Amino acid sequence: MKRFWLWLSLVLVVSLLLTACGGAGGSRLDAIKKAGVIKVGTSADYPPFEFVDASGNTTGFDVELMNEIGKRLGVKVEWVDMPFDSLIAGVQEGKIDAAIAAFNYSEDRDKVVDFSEVYYTSEDAFTVVESSSLAINDPASDILNLKIGVQTGTTQDDWLTALVDEGKLPAGNLSRYDRVDQIALDLKNGRIEVMMSDAVPAEALARQLGGLKVIYKGVLSSGPMNIVLPEGDAELAKAINEVLAQLKAEGFIDRLAVKYFAE
Amino acid sequence: MDSALILQARNLTKRYGANIIFQDISLDVQKGETIVIIGPSGTGKSTLLRCLNLLTHVDSGQIFLEGEEITAPGINEDRVRQQIGMVFQNFLLFNHLTALDNVMLGLTKVRKLPKPQAHEKAMHELARVGLADRAGHYPGQLSGGQQQRVAIARALAMDPKVMLFDEPTSALDPELIGEVLGVMAQLARENMTMLVVTHEMGFAREVADRIVFMEKGHIVEQGAPDDLFERPQHARTREFLWKITELYGKKEKK
Amino acid sequence: MLTDFFLYIAQGTAVTIGVTLVALPFGLAVGLLLALLYNYGGRWVSRAAGLYSLLMRGVPPVVLLFILYFILSGRLINLSPFWAGSLSLGLVSSAYQMEILRGALAAVGAGQMTAARAIGLTRLQAIRFVILPQAIRLAIPPWSNEASIVLKDSSLVYALGVPEILRRAQQLSATTGQPFLAFGAAALIYFALVFLTNRALDSLAERTKLPTQPV
Ligand SMILES: Nc1ncnc2c1ncn2[C@@H]1O[C@H](COP(=O)(O)OP(=O)(O)O)[C@@H](O)[C@H]1O
Ligand SMILES: [Mg+2]
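Along every chain, residues carry numbers that run from 1 in the direction the sequence is written. Working convention: letters from A go to chains and numbers from 1 go to ligands, in the order in which they are written. The predicted nature of this model means local features are confined to residues of pLDDT at least 70 and side-chain atom pairs, given and counted, to a pLDDT of 80 or more, with totals for whole chains, interfaces and linings taken over all residues. Remark: hydrogens and water are excluded; side-chain values derive from all non-hydrogen atoms of the structure.

### A word on the overall build of chain C
Helix and strand content of chain C: 9 helices and 0 strands. Reported as C-alpha extents along the three principal axes, the dimensions of chain C are approximately 70 × 55 × 25 Å. Whether a residue is buried, partly exposed or exposed follows from its accessible area with a 1.4 Å probe, protein chains only, as a fraction of its type maximum: under 20%, in between, or over 50%, in that order. Relative to its 215 residues, chain C shows a buried fraction of 48%. By definition, residues are in contact when any of their heavy atoms lie within 4.5 Å. Taking the intrachain contacts of chain C between residues at least 6 apart in sequence as the baseline, contacts between residues at least 24 apart amount to 78%. A total of about 10,100 Å² of accessible surface is found on chain C, and carbon and sulfur atoms cover 70% of it. Numbering of helices and strands runs from the N terminus, with a helix taken as a DSSP run of H or I at least four residues long and a strand as a DSSP run of E at least two residues long. Exposure was quantified through the Shrake-Rupley algorithm and a 1.4 Å probe, taking into account, for residues, occlusion by the shown protein chains and nothing else.

Right, dumping it as C-alpha cells:
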C-alpha cells in the first residue's frame, strides 16, 4: 500500500514537471482555421449586447458582430456561455479562443490577456424634448434635481443607481423602464424631464420619433469595448483587428448598433 | 480420554504499552479437556484467550497447536483462527445476517464449501444448539440466550480443534444462562477441547476437568475441581472463591 | 409562452442530472476507499486520508472547479467542462461521503471485525461481508442528504460554461425581465429532483432495514 502511494505521487510530480516544461508557442489562428471553428466565450445575460432570445439562441450586438468576424475569417463561431467572471480565466488558460461581452479595457486585465482594437465606444447621452431649455455640462451635478428615465440593467442604470446610493440623487427622481422607446414616450408626455441612455439608440430615437434632442454626449458609465484575446498572440489579434477595421469602414457596426440599441 | 497435548502455551508475556497484562504464563491443554479459568476481572483472562487464537499478539513466548508453533513468523493466522473457535461475552453475531447465514458465512467464504453443502452443515450445527427452527431469524429477533447459541454454532461450523469461551453467560439474564451452559456441557461430553472463562461456579464444578485460577496476570493455582474448590492451596484462591459465592448468592436472592 | 419558458429551463435538467450521476458515484467510490483507508489503514495512511478530507471540505467547490478545469485540465489530462465540473464536484463530495462512511464504519463497531476474524475471515473479507453491508445501511440517511447537496451544487458547473437549470433561469430572467417566473421555475425543478431522490433513498432504507424483535 505504501509503495502504491509513493508511485502515485511520483507519477503526479513527473507529469506536472513535463507539462510545465513543454512550452506553448505558435498562434491559435492556425488551429482555429484548421478546425474551422473559433470558440468564443460570452455571458448571455446582458441584453442587448448578449442574451438568449425567445427561441433559445444566443444573440445580441456582440454576438452578431462576432459571428460576422468569424464569417470573414472563414470559420464558424462556437459560443460558450460562461459567467462573466470566468471569461478572462477561460481565455487566459486557452479554454476559449476569445471572449466578447461588452468588456472594457483595464490595466489589470491587460496583464493576463490582450485586447482587440476598440469595436464600439458606448457613449452615454442625455436626451430632452426639443422645446426644453435644459443644459447639462457636468452631468454628475447638473442632473441631480431632474426627473430621469433610464433602461433597467444598463450601465447607465448602474451609474445613476450609484448616485442614488450615494444619496446625491433622490430615489424618487429616477424611473426605470424595460425599453428605451418607453422612456422616449414618457419624455414626450412630460412625466420625466431627461432620458439617459446609450448614445446610439438615443440618436436613432430622436430621428425616428422627432421632437427630441440630445443635449449631452460623453463617456460616463461605460466606454470603449474590446474583444478579449489570448495574451501575446499577435497573429490572431492582427487578423481580428483587420476584420474590425473593415466592418467599421463599411458601417456594419453602426448598423448593428442601431438595430440593437434603438429598438 | 487420550491425553495428547493439543494446545501448549509457553512463557507468554503480554504488555499494553507499559502495562504488563500477564507475564510468563504457561498452560498445557490436553485433547478433549475442559478447562475453566476463573479469577477477578482485569486479571488478563480475556487477553489470554485473545492471544491464544492470535486476535492479539503476545510480546514474548510461544504457542503450539498440535505441535505446530502458531506464534512463528510467517504463519497463516487466518488458518489458525479457523481452527480455534471463539465465543464472546456479547455474542457478536453479524447483525445483518440471519442465524443460518451467520453460521454459513465462514463455511462459504473461509472453507469455500459449495452453497448446498454449507447449508446442510450450518443446519446441522444449528440443530446441535437446538435452534434449527430459528434459522431464518435475524439476531435482533432472537433472545440473548438464542444469540449466544447461534454464536456457538457459528464457531462449531468451522470444526475447530479448540473452543474458547470468554464469559459466555455474563451478559445474559439469569433465566437464559441455563440453555447456554447446557449446550456447553453437551460439547464437553462430546469431548470438545474447551477453555472457558466464567464465573459460573456450578458449571465449573460439574463440567470442568481442571480449574485454573488467575490473578493479576499470573496463574496462582490450578487443579481438579474438587481439589481446588474443597482444598485451595493459596489464601488468594480461598478469598476469591468466598467472594464469588457471596456475590452470586446475592444475585440469586434478588 | 409560459410553457416555452418552462421548457427552456427544464432542458437544463439533463445537465443537472448528468453532473449528479457522475459526481455522486465518483464521490462514493473515492469516499469509500478513503473511509476504509482511514479506519483500517495504519497511522500514516489514516492521517493522509484525514488531511485529504480536511482540504477538500475546506476549499470552496468553485475553487476546485477552477483548479481542475483552468489549471490542471490541458496540462495533466484533457477534460471537457462537463467532466471537469462533474469530477470536481465528485472530489468535494468524496470528502463528505468519506466522513459519512467512516462514521458508519465506526458505528458498526470493532466487535464485528473481531468476530469475523475469529472464524478465519481475512481483513478484506471481513470488511466486504460483515462491516460494509452494515455500514452502508447506517449511511443511507446521511447519504441521502449528501445526494441532495450534490444535486443542488451541480449548478456550479455553469462557472465552466455548462448551462444547467440555474443558468438558463438567469438568462431568461435577463431577457424577459421576469425573474420571479424564471427562478420560480428553476426552484420548482430543483425541488422535484431533490424530492424524488430523497423518496427513492428513503424507500431503499426502508427495504434494507434489519428486522428487530417485535416489541
Ligand atoms: N486493547 C487494550 N489496550 C490496553 N489495555 C488493555 C486492552 N485490552 C485489555 N487491556 C487491559 O488489560 C487488562 C486485562 O484485561 P482483560 O484481559 O480484559 O481482563 P479480564 O478478562 O480478566 O477481566 C485490563 O487492565 C485492561 O484494562
Ligand atoms: Mg474478560
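After that view of the structure, there is still more to cover.
### Quick look at the side chain of B:Arg149
Residue and element names in this part refer to chain B. Relative to the helices and strands, Arg149 is located in helix 5 (residues 144-156). Contacts described as polar in this section are N or O atom pairs within 3.5 Å, which, within protein, must combine one atom able to donate a hydrogen with one able to accept it, while residues neighboring in sequence count only if both atoms come from side chains. Only 3.4 Å separates the side chain of Arg149 from the backbone oxygen of Gly130, close enough to count as a polar contact. Dropping the residues within four chain positions of it, Arg149 is found in contact with Val129, Gly130, Leu131, Glu179, Val180 and Val183.

### A short note on the site of ligand 1
Residues and elements named next belong to chain B. Any residue with a heavy atom lying within 4 Å of a molecule or strand is counted as near it. What surrounds ligand 1 is the set Tyr16, Ile21, Pro40, Ser41, Gly42, Thr43, Gly44, Lys45, Ser46 and Thr47. Gly44 places a main-chain nitrogen or oxygen 3.0 Å from an oxygen atom of ligand 1. In the complex, the protein chains occlude 58% of the 560 Å² of accessible area that ligand 1 would expose alone. At 3 residues, helix 1 (residues 45-52) tops the list of elements feeding residues into the shell around ligand 1. Across the shell around ligand 1, the residue classes break down as 3 nonpolar, 6 polar and 1 charged. Residue polarity follows a fixed list, in which Ala, Val, Leu, Ile, Met, Phe, Trp, Tyr, Cys and Pro are nonpolar, Asp, Glu, Lys and Arg are charged, and the others, Gly among them, are polar.

### As for the interface of chain B and chain C
Between chain B and chain C, the contact holds 26 residues from the first and 21 residues from the second. A buried area of about 2,000 Å², summed over both sides, lies between chain B and chain C, and 64% of it is on carbon and sulfur atoms. When two components associate, each loses some accessible surface as probed by a 1.4 Å sphere; the sum of these losses over both components is called the buried area. Among the residues of chain B in contact with chain C, B:Asp78, B:Phe94 and B:His96 are the three that bury the most area, contributing 28% of the side total. A carboxyl oxygen of Asp or Glu within 4 Å of a side-chain nitrogen of Lys or Arg is what we treat as a salt bridge. With a closest N to O distance of 3.1 Å, B:Asp78 and C:Arg117 form a salt bridge. Joining chain B to chain C, the criterion identifies 6 residue pairs in polar contact (both at pLDDT 80 or more). Where the side of chain B that touches chain C is concerned, the elements lending two or more residues are helix 2 (77-83), strand 6 (84-87) and helix 3 (99-109) of chain B. Tallied by class, residues from the side of chain B that touches chain C come to 12 nonpolar, 8 polar and 6 charged.

### Focus on the pattern of salt bridges
All told, the structure shown has 31 salt bridges over all chains when counted by the stated rule. The shortest N-O distance in the salt bridge between A:Lys111 and A:Asp108 comes to 3.4 Å. Of the two residues, A:Lys111 and A:Asp108 are both situated in helix 5 (residues 107-112); the distance of 3 residues between them amounts to about one turn of the helix. Comparing A:Lys111 with A:Asp108 shows no difference in burial state: the two are exposed. Measuring nitrogen to oxygen at the nearest pair gives 3.0 Å for the salt bridge that ties A:Lys168 to A:Glu166. Connected via shared salt-bridge partners are B:Arg111, B:Lys121, B:Glu125, B:Arg128, B:Asp159 and B:Glu190.

### Description of the sheet that holds strand 8 (residues 193-197) of chain B
All names here are of chain B. What makes two strands pair is DSSP finding at least two bridges between them. Strand order in the open sheet formed by 6 strands is 6-7-8-3-9-10, with mixed pairing between adjacent strands. In this open sheet, the two strands that pair with only one neighbour each are strand 6 and strand 10 (218-223). Neighbouring strand axes in the sheet, compared pairwise and without regard to direction, differ in orientation by 20° on average. For every element, the axis is a line fit to its C-alpha atoms; helices are fit only across the contacting stretch, and the angle between N-to-C directions ranges from 0 to 180 degrees. Along the sheet face, helix 1 touches strand 3 (34-38), strand 6, strand 7 (162-166), strand 8 and strand 9 (210-215) and points at about 155° away from the line of strand 7.

### A short note on empty space enclosed by the protein
All names here are of chain B. The way it works is a 1 Å grid over only the protein atoms, where trapped points that fit a 1.4 Å probe form a cavity and open points with protein on both sides within 12 Å along at least five of seven lines form a pocket, and then any residue with an atom within 4 Å of a point lines it. Grid points are joined across faces, edges and corners, and a volume is the space filled by probe spheres set on the points. Evaluation of the coordinates by the stated rule reveals 1 cavity of 30 Å³ or more. Around the largest cavity, the lining residues are Arg128, Val129, Leu156, Val183, Gln186, Leu187 and Glu190. Top element by residues in the lining of the largest cavity is helix 6 (residues 174-189). It accounts for 3 residues. Its residues assigned to classes, the lining of the largest cavity shows 4 nonpolar, 1 polar and 2 charged.

### Remarks on helix 5 (residues 81-108) of chain C
Residue and element names in this part refer to chain C. Expected span, for any helix, means 1.5 Å times one less than how many residues it has. With 28 residues, helix 5 ought to run about 40 Å at 1.5 Å a step, and its terminal C-alpha atoms sit 39 Å apart, in line with that. The angle separating two fitted axes, one through the seven residues that finish at a residue and one through the seven that start at it, defines the bend at that residue. Along helix 5, the sharpest kink reaches roughly 25°, centred on Ser93. Immediately downstream of helix 5, the backbone of Gly109 shows phi near 95°, a positive value.

### Brief notes about the interface of chain C and chain A
Taken together, the contact between chain C and chain A spans 19 residues of the former and 22 residues of the latter. A combined buried area of about 1,900 Å² lies between chain C and chain A, and 63% of that area is made up of carbon and sulfur atoms. Sorting the residues of chain C by area buried against chain A places C:Phe70, C:Arg75 and C:Leu76 first, and these three jointly supply 27% of that buried surface. Residue A:Asp81 pairs with C:Arg167 through a salt bridge whose shortest N-O separation is 2.6 Å. Run the count over chain C and chain A and you get 6 residue pairs in polar contact (both at pLDDT 80 or more). If you list the elements that add at least two residues to the side of chain C that touches chain A, you get helix 4 (61-72) and helix 8 (165-176) of chain C.

### Let's talk about the pairing of strand 4 (residues 60-65) of chain B
Residues and elements named next belong to chain B. Pairing of strand 1 (residues 5-16) with strand 4 involves 5 bridges; the strand directions are antiparallel. Residue pairing in the sheet places Arg10 in a bridge with Gln62 of strand 4. Alignment of strand 4 against strand 5 (residues 68-69), held across 2 bridges, turns out to be antiparallel. What sits directly across from Leu65, in strand 5, is Glu68. Taken together, strand 4 and the strand that follows it, strand 5, pair antiparallel across an intervening segment of 2 residues, in which Glu66 is found at a positive phi of about 50°.

### Focus: a nonpolar patch on the surface
All names here are of chain C. For patch detection, residues must exceed 30% relative accessible area and be free of salt bridges, and they are connected within 9 Å for like charges or within 5 Å for nonpolar side chains (Val, Leu, Ile, Met, Phe, Trp, Tyr). Judged by side-chain polarity, Leu51, Leu54 and Leu55 come together as a nonpolar surface patch covering roughly 320 Å² of accessible area. Relative to the helices and strands, Leu54 is located in helix 3 (residues 42-58). When its relative accessible area of 56% is taken as the criterion, Leu54 is described as exposed.

### Looking at the packing of helix 2 (residues 12-40) of chain C against helix 9 (residues 179-208) of chain C
Residue and element names in this part refer to chain C. Following both chains from N to C, one finds helix 2 and helix 9 inclined at 35°, their axes separated by 11 Å at the closest point. The crossing of helix 2 and helix 9 is right-handed. Residues Thr13, Thr16 and Ile17 of helix 2 touch helix 9, and the partners they reach there are Ile189, Tyr190 and Leu193. Its residues assigned to classes, the contact of helix 2 with helix 9 comprises 4 nonpolar, 2 polar and no charged. For any helix crossing, the convention is left-handed if the near helix is rotated counterclockwise from the far helix by under a right angle, and right-handed if that rotation is clockwise.

### Quick word on the side chain of A:Asp124
All names here are of chain A. Relative to the helices and strands, Asp124 resides in strand 6 (residues 113-129). Although Asp124 lies buried, it forms no salt bridge, and the closest oppositely charged side chain, Lys217, sits 12 Å away as judged by the N-O distance. Polar contacts involving the side chain of Asp124 include one to the main-chain amide nitrogen of Leu220, which spans 2.7 Å. Once residues lying within four places of it in the same chain are set aside, the contact partners of Asp124 are Gln156, Met196, Ser197, Ala199, Tyr216, Lys217, Gly218, Val219, Leu220, Ser221 and Ser222. The sign given to each residue is positive for Lys and Arg and negative for Asp and Glu; His and the chain ends receive no count.

### Details of the packing of aromatic side chains
Pairing of aromatic rings covers Phe, Tyr and the six-membered ring of Trp, with a centre-to-centre limit of 6.5 Å; geometry is then stacked below 30 degrees between planes, edge-to-face above 60, and tilted otherwise. Evaluated as defined, the whole model comprises 11 aromatic pairs over all chains. An aromatic cluster of three or more residues is present, and its members are A:Phe49, A:Phe61, A:Tyr119 and A:Tyr120. Across from the ring centre of C:Tyr38, 4.2 Å away, lies the NZ or CZ of C:Arg102, which sits over that ring. By definition here, charges over rings are those cases where NZ of Lys or CZ of Arg is within 6 Å of the ring centre and within 35 degrees of the ring normal.

### Description of helix 6 of chain B
Turn by turn, an α-helix covers 3.6 residues, leaving residues three or four places apart pointing in a common direction. Residues and elements named next belong to chain B. Taking 1.5 Å of rise per residue, the 16 residues of helix 6 would be expected to cover 22 Å, and the 23 Å separating its terminal C-alpha atoms lies within 8% of that figure. Of the positions making up helix 6, those classed as buried are Leu176, Ile177, Val180, Leu181, Val183, Met184, Ala185, Leu187 and Ala188. One or two steps after helix 6, the chain reaches Asn191, where phi turns positive at roughly 70°.

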